[in-house]
Number of protein chains: 2
Amino acid sequence: MTFSVTILGSNSAIPVHGRHPSAQVINIHDQLFLVDCGEGTQMRMNEFKIRRSRIHQIFISHLHGDHYFGLIGLINSYHLLKRQEPLHIYAPAGMQEIIEVQLKNSRTEIAYELLFHTIDASTNKKIFENDIVEVYTIPMNHRIECCGFFFREKKGLRKLLPEKLQQHEIPQAYYNALKQGDDYIKKDGSIIKNDELTLAPQPSHTYACCSDTLFNEQIIPIISGADLLYHETTFMNDSAARAVITFHSTTLQAAEIAKKANVKKLLIGHFSAKYESLQPVLEEAQQVFKETVLAEEGKTFSVENA
Amino acid sequence: MTFSVTILGSNSAIPVHGRHPSAQVINIHDQLFLVDCGEGTQMRMNEFKIRRSRIHQIFISHLHGDHYFGLIGLINSYHLLKRQEPLHIYAPAGMQEIIEVQLKNSRTEIAYELLFHTIDASTNKKIFENDIVEVYTIPMNHRIECCGFFFREKKGLRKLLPEKLQQHEIPQAYYNALKQGDDYIKKDGSIIKNDELTLAPQPSHTYACCSDTLFNEQIIPIISGADLLYHETTFMNDSAARAVITFHSTTLQAAEIAKKANVKKLLIGHFSAKYESLQPVLEEAQQVFKETVLAEEGKTFSVENA
């Protein structure tokens, strides 16, 4: 079952060096979720052949433009392309006003259902759940209200063992209950424990997506043990003072968080325009956390095999 | 003296086939003017090496997103890049509200002077003038308030004839007045006519930029004799009915306007996403007006030698 992250934009606020503002697509069992939507995200979707019709939820971390300026264009294109299904936008307060003032001025009535969910970015709270995933906010420490997003894949159903089912002559009507973990009670009242009849499901995987934030150890318990952590690294260590002023993180700080949270892999992005080459950025982070990779645009990173 | 148009975006509403929404840069004597600013315009400026600091006036034809979604990103990048000079935005009512609601929500205070000029798109009126150019609105017939822009290069100064100046012993203090067209009055009261002492300036060139509009012959007197006419051609002739419904023009209609307005050259753009190849679009327009060219992105078209 797929669980992966595709990077559409990896730069911080100014698009340059062929890099674009923040956007990434999370693929969980072929359902797509968009996190952030910087200017030009819909063009990157064309370029990287993202099946945009599979996106039903968009999560916006905060209302700095490099994280949402592309949203109105995507919403508008869905409308022109005659989207039918509802689209859910999860964002801090203000997003709805920004979109609606633009629709009003162009006299556009979006033909599909466009639903805004205002999130409280200051708490760690479940904001979305369906049959395959739960999504939680992760409070960030930034200049304006901002949160990361924690994706927890739901455990699948237990796997039936056909030969055991036959041996105990268990009627098919009970199979669903067994998959859910129930024991089987025979007619004589005796019990066959579930783990005699089924195998445990695949372990659940987790992805923590953290942008933008000042170095903040308070997120560690929330993201602890994640298979993959995306953490912003706007600056290298020699700009640590600038990182503080602008409420961003450095390579070494992101790596420190990854190490203390004991994640499997660290994905770094949101690079400052000052870095044309990213190799030194990568190498600096790897000094602290070896399993670090660059969030290069167009690349897909596996969460299940991180 | 340069007078040219560089195309940054040539498509209609949906960006596809590697084409982008509307934007073009007018270069008049190395002063740059931006007309429309679709999503990703700032990235196209990077790609085509447009010296964005030379832009002081931006003209927005109307508030459909494919003509302005990139404006907030450009305004924001100017801010981050520490622009000092004022930036003037000429647009129909609503533009200021759209930009300001976004600046408010990101708590951004633009550090340079950002000035909005609300234009009445329903009239043919001068909206801007400086030492080299006058800009007029051209009323379009579209679903919402919309105008084109007519750029009239100002005539330069008359050219002094040094041998004549010497012959008549004219003091240097009078040269500026002669360049402006004044006659010279000698001490004895006799007059030397200006055209004995100077040559006429280069002729003034004109560029008419018309997007988006239903076929509308009322614009012909306004754009008559333009060196270069940009006219939208969203559709080919077989979609003429669709053009009417959506308030757009076809190839044949744009060419008809060019012919009747007796312009030197026609530049066609704002292509529907349905046309992957543009060669048939070009050929159809050329059936009516031979001097037609495609508004291909990255290409620069001369107005003075149209």
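Our subject is the structure that appears above.
Residues numbered from 1 in each chain as written. Chains lettered and ligands numbered in written order. Predicted model: local features only at pLDDT ≥ 70, side-chain atom pairs only at ≥ 80, totals over all residues. Heavy atoms only, no water.

## Notes on the packing of helix H2 (residues 71-80) of chain A against helix H3 (residues 95-105) of chain A
Residue and element names in this part refer to chain A.
Thinking step 1. Relative to each other, H2 and H3 sit at 55 degrees, their axes nearing to 10 Å. Between H2 and H3, the interaxial angle falls into the category oblique. Judged by the twist between their axes, the crossing of H2 over H3 is right-handed. For the pair formed by H2 and H3, the contact residues are Leu71, Ile72 and Ile75 on the first element and Met95, Ile99, Gln102 and Leu103 on the second.
Thinking step 2. Residues belonging to the contact of H2 with H3 are distributed by class as follows: six nonpolar, one polar and no charged. (Axes fitted to C-alpha atoms, helices over the stretch in contact; angles between N-to-C directions. Helix = DSSP H or I, 4+ residues; strand = E, 2+ residues; numbered from the N terminus. Parallel < 35°, antiparallel > 145°, perpendicular 65-115°, else oblique. Left-handed = near helix turned anticlockwise from the far one by under 90°. Contact = heavy atoms within 4.5 Å. Nonpolar A, V, L, I, M, F, W, Y, C, P; charged D, E, K, R; others polar.)

## Here we look at the packing of aromatic side chains
The relative placement of two aromatic rings is captured by the distance of their centres and the angle of their planes.
Thinking step 1. Per the counting criterion, the structure on display carries 22 aromatic pairs over all chains.
Thinking step 2. One aromatic cluster is present, formed by Phe33, Phe59, Tyr90, Phe128, Phe149, Phe151 and Tyr207 of chain A through successive ring pairs.
Thinking step 3. The ring centre of Tyr78 of chain A lies 4.4 Å from the NZ or CZ of Arg83 of chain A, which sits over that ring.
Thinking step 4. It is Arg83 of chain B that lies over the ring of Tyr112 of chain B; its NZ or CZ is 5.6 Å from the centre. (Phe/Tyr/Trp six-rings, centres within 6.5 Å; stacked < 30°, edge-to-face > 60°. Lys NZ or Arg CZ within 6 Å of the ring centre and 35° of its normal.)

## Some words on a positive patch on the surface
Thinking step 1. A grouping of Lys82 of chain A together with Arg143, Arg242 and Lys274 of chain B is seen on the molecular surface, where their side chains present a positively charged patch.
Thinking step 2. The class for Lys274 of chain B is exposed, based on a relative accessible area of 51%. (Patch = residues over 30% accessible without salt bridge, like charges linked within 9 Å, V, L, I, M, F, W, Y side chains within 5 Å. Areas by Shrake-Rupley, 256 points an atom, 1.4 Å probe, with all protein chains shown as cover. Salt bridge = Lys/Arg side-chain N within 4 Å of Asp/Glu carboxyl O. Lys, Arg positive; Asp, Glu negative; His and termini not counted. Charge placed at Lys NZ, Arg CZ, Asp CG, Glu CD. Buried < 20%, exposed > 50% of the residue type's maximum accessible area, 1.4 Å probe, protein only.)

## With respect to the relation of the copies chain B and chain A
Copy one and copy two of the chain differ by a rotation about a common axis and a shift along it.
Thinking step 1. Between chain B and chain A, the superposition needs a rotation of 180 degrees and an axial shift of 0.0 Å, giving an RMSD of 0.1 Å. Here the copies are linked by what is in effect a two-fold axis. Minimal C-alpha separation from the rotation axis in chain B is found for Gly40 of chain B, amounting to 2.7 Å.
Thinking step 2. When the interface residues of chain B are mapped onto chain A, 100% of them are again interface residues, pointing to one common binding face. (Least-squares fit on C-alpha atoms with pLDDT ≥ 70 in both.)

## Here's the deal with the sheet that holds strand S9 (residues 147-153) of chain A
Strand pairing within a sheet occurs via backbone hydrogen bonds; the two strands may be parallel or antiparallel.
Residue and element names in this part refer to chain A.
Thinking step 1. Pairing is mixed across the open sheet formed by seven strands, whose spatial order is S7-S8-S9-S14-S15-S16-S17. Looking along the sheet, the strands with just one partner apiece sit at the ends: strand S7 (126-129) and strand S17 (292-294). If you compare each strand with its neighbour and ignore which way they point, the axes differ by 20 degrees on average.
Thinking step 2. Relative to strand S16 (residues 265-269), strand S15 (residues 228-232) runs parallel, the two sharing five bridges. Residue pairing in the sheet places His231 in a bridge with Ile268 of S16.
Thinking step 3. Along the sheet, helix H9 (residues 251-260) makes contact with S15 and S16, crossing S15 at roughly 155 degrees.
Thinking step 4. Taken strand by strand, helix H10 (residues 279-288) contacts S16 and S17, and its axis lies near 165 degrees from that of S17. (Pairing = 2+ DSSP bridges.)

## A word on the sheet that holds strand S9 (residues 147-153) of chain B
Residues and elements named next belong to chain B.
Thinking step 1. Strands sit in the order S7-S8-S9-S14-S15-S16-S17 across an open sheet of seven strands; the sheet is mixed. A strand with exactly one partner marks an edge of an open sheet, and here the two such strands are strand S7 (126-129) and strand S17 (292-294). Across this sheet, the average inter-strand angle for adjacent strands is 20 degrees, counted without regard to direction.
Thinking step 2. Running over the sheet, helix H9 (residues 251-260) touches strand S15 (228-232) and strand S16 (265-269) and is turned about 155 degrees from S15.

## Considering the pairing of strand S14 (residues 206-210) of chain B
All names here are of chain B.
Thinking step 1. Most of S14 is tucked away, with five of its five residues classed as buried.
Thinking step 2. The alternating pattern of S14 places Thr206, Ala208 and Cys210 and Tyr207 and Cys209 on opposite faces, both of which are buried.
Thinking step 3. Where S9 lies against S14, four bridges are found, and the strand directions are antiparallel. For Phe150, the partnering residue across the bridge sits in S14 and is Ala208.

## Considering the interface of chain B and chain A
Thinking step 1. The interface of chain B with chain A comprises 35 residues on the first partner and 35 residues on the second.
Thinking step 2. Counting across the interface, chain B meets chain A through two salt bridges.
Thinking step 3. In this structure, Glu97 of chain A engages Lys104 of chain B in a salt bridge whose closest nitrogen and oxygen atoms are separated by 2.9 Å.
Thinking step 4. Applying the counting rule to chain B against chain A returns 14 residue pairs in polar contact (both at pLDDT 80 or more).
Thinking step 5. Counting only elements with at least two residues in the side of chain B that touches chain A, the list comes to helix H1 (41-47), helix H2 (71-80) and helix H3 (95-105) of chain B.
Thinking step 6. Ranked by the residues each element gives to the side of chain B that touches chain A, the list is headed by H3 of chain B, at six residues.
Thinking step 7. Looking at the side of chain B that touches chain A residue by residue, the class counts come to 16 nonpolar, 14 polar and five charged. (Polar contact = N/O pair within 3.5 Å; in protein donor to acceptor, adjacent residues only side chain to side chain.)

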